[in-house]
Amino acid sequence: MLAAEHGDAVPADVDTLLALPGIGTYTARAVAAFAHGRRAPVVDTNVRRVVARAVHGAGDTGPPSNTRDLADVEALLPEDDARAARFSAALMELGAVVCTARNPRCADCPLVDACAWHRAGKPAYTGPTRPTQRYSGTDRQVRGLLLDVLRGTDGPVDKATLDLAWPKAGQREECLDSLLTDGLVEQTPDGHFALPGEQ
Ligand code: SF4
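The model shown is predicted, which means the values in this text are computed figures rather than measured ones.

**Q** Explanation requested: the pattern of salt bridges in the structure shown.
**A** Side chains carrying opposite charge are able to pair once their charged atoms draw close together. One pass over the full model with this rule turns up twelve salt bridges. The partner of E174 in a salt bridge is R48, with the nearest N and O atoms 2.8 Å apart. Note that E174 is positioned in helix α10 (residues 169-181) and R48 in helix α4 (residues 45-54), a separation of 126 residues in sequence. Each member of the pair E174 and R48 is classed as buried. A single network of salt bridges, built from pairs that share partners, joins R48, R68, D69 and E174.

**Q** Help me understand the site of the ligand, please; the structure alone is not making it clear to me.
**A** Around the ligand, the surrounding shell consists of R53, C99, P104, C106, C109, V112, C115 and W117. Here the ligand is seated within the largest cavity. Each residue belonging to the shell around the ligand can be placed in one class, and the counts come to seven nonpolar, no polar and one charged.

**Q** Help me understand the nonpolar core in this model?
**A** One recurring pattern in soluble globular proteins: nonpolar side chains tend to sit buried together. Ranked by size, the top nonpolar core spans 21 residues in total, and within it V42, V47, V50 and V73 carry the most contacts. Where this core is concerned, the elements lending two or more residues are α3 (25-35), α4, α5 (66-76) and α6 (81-97). For this core, the element with the highest residue contribution is α6, accounting for five residues. Not counting residues up to four positions away in its chain, the partners in contact with V50 are V55, L91, L94, G95, C99 and L111.

**Q** When you look at α3 in this model, what are you seeing that I'm missing?
**A** Residues spaced three or four apart along an α-helix point in a common direction, a consequence of the helix completing one turn every 3.6 residues. For α3, the set of buried residues is Y26, A28, R29, A30, A32 and A33. Of the surrounding secondary structure, the elements contacted by the buried residues of α3 are α2 (14-18), α5, α6 and α10. Of the residues flanking the end of α3, it is G37, one or two places downstream, whose phi is positive at about 65°.

**Q** What exactly am I supposed to notice about helix α8 (residues 139-151) here?
**A** The end-to-end C-alpha distance of α8, which contains 13 residues, comes to 18 Å, matching closely the 18 Å that a straight helix rising 1.5 Å per residue would cover. Of the positions making up α8, those classed as buried are D139, V142, R143, L146, L147 and L150. The buried residues of α8 occupy an angular sector of 135° when projected down its axis, which confines them to one face. Seen from the open side of α8, the exposed residues pointing more than 90 degrees away from its buried face are R140 and R151. Residues of α8 that are buried make contact with α9 (159-163), α10 and β2 (193-194).

About the cut-offs
Residues numbered from 1 in each chain as written. Predicted model: local features only at pLDDT ≥ 70, side-chain atom pairs only at ≥ 80, totals over all residues. Heavy atoms only, no water. Salt bridge = Lys/Arg side-chain N within 4 Å of Asp/Glu carboxyl O. Helix = DSSP H or I, 4+ residues; strand = E, 2+ residues; numbered from the N terminus. Buried < 20%, exposed > 50% of the residue type's maximum accessible area, 1.4 Å probe, protein only. Near = heavy atom within 4 Å. 1 Å grid on protein atoms, 1.4 Å probe; cavity = no way out; pocket = protein on both sides within 12 Å on 5 of 7 lines; lining within 4 Å. Sits in = over half its atoms within 2 Å of the grid points. Nonpolar A, V, L, I, M, F, W, Y, C, P; charged D, E, K, R; others polar. Core = buried A, V, L, I, M, F, W, Y, C linked by side-chain atoms within 4.5 Å. Contact = heavy atoms within 4.5 Å. Expected span 1.5 Å × (residues − 1). Arc of directions from axis to C-beta.

In structure tokens, the structure reads:
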């Protein structure tokens, strides 16, 4: 389709990207922002966690909602395309390296003075929890697939490798987030993923 309909080029427009097979909410906006420098809210599990804490004062993200999560991040983006794209990269990196699921490094965080959760004294999460499901296609299965990837490698793996474990980006991100929260997966300082103690 890129060759036939888009002149051998990857489109920059989110709606055009979304019309391509296999391109979902996350990927379309990531390509627009990071490949083309466009203003587009890019929401992964790390971004959701930073927004939940810094903006909403909640220690955890709760169940994902595409509509709400995209609107949350959209509201934070600078108007200028290039600055917005840079902001998106920074937000994702902050969640991966500083505002981690289990051990947020608030003393090193540039948002520490403005973070609602930190200012509130880091209260325990009391919001809605993730619903229970049957096994096939469930979060339990996806968590197992993600762990299988990590067990099958000698060291930390990058996000792109984990992304191959399950095609549904939203569920995959949620499961990865829960594994990080539960301490079954750890993130390295450079943003890779590993089983505990394998870093
Ligand atoms: S101050 Fe702490 S909780 Fe708040 S965004 Fe930074 S690392 Fe996360």
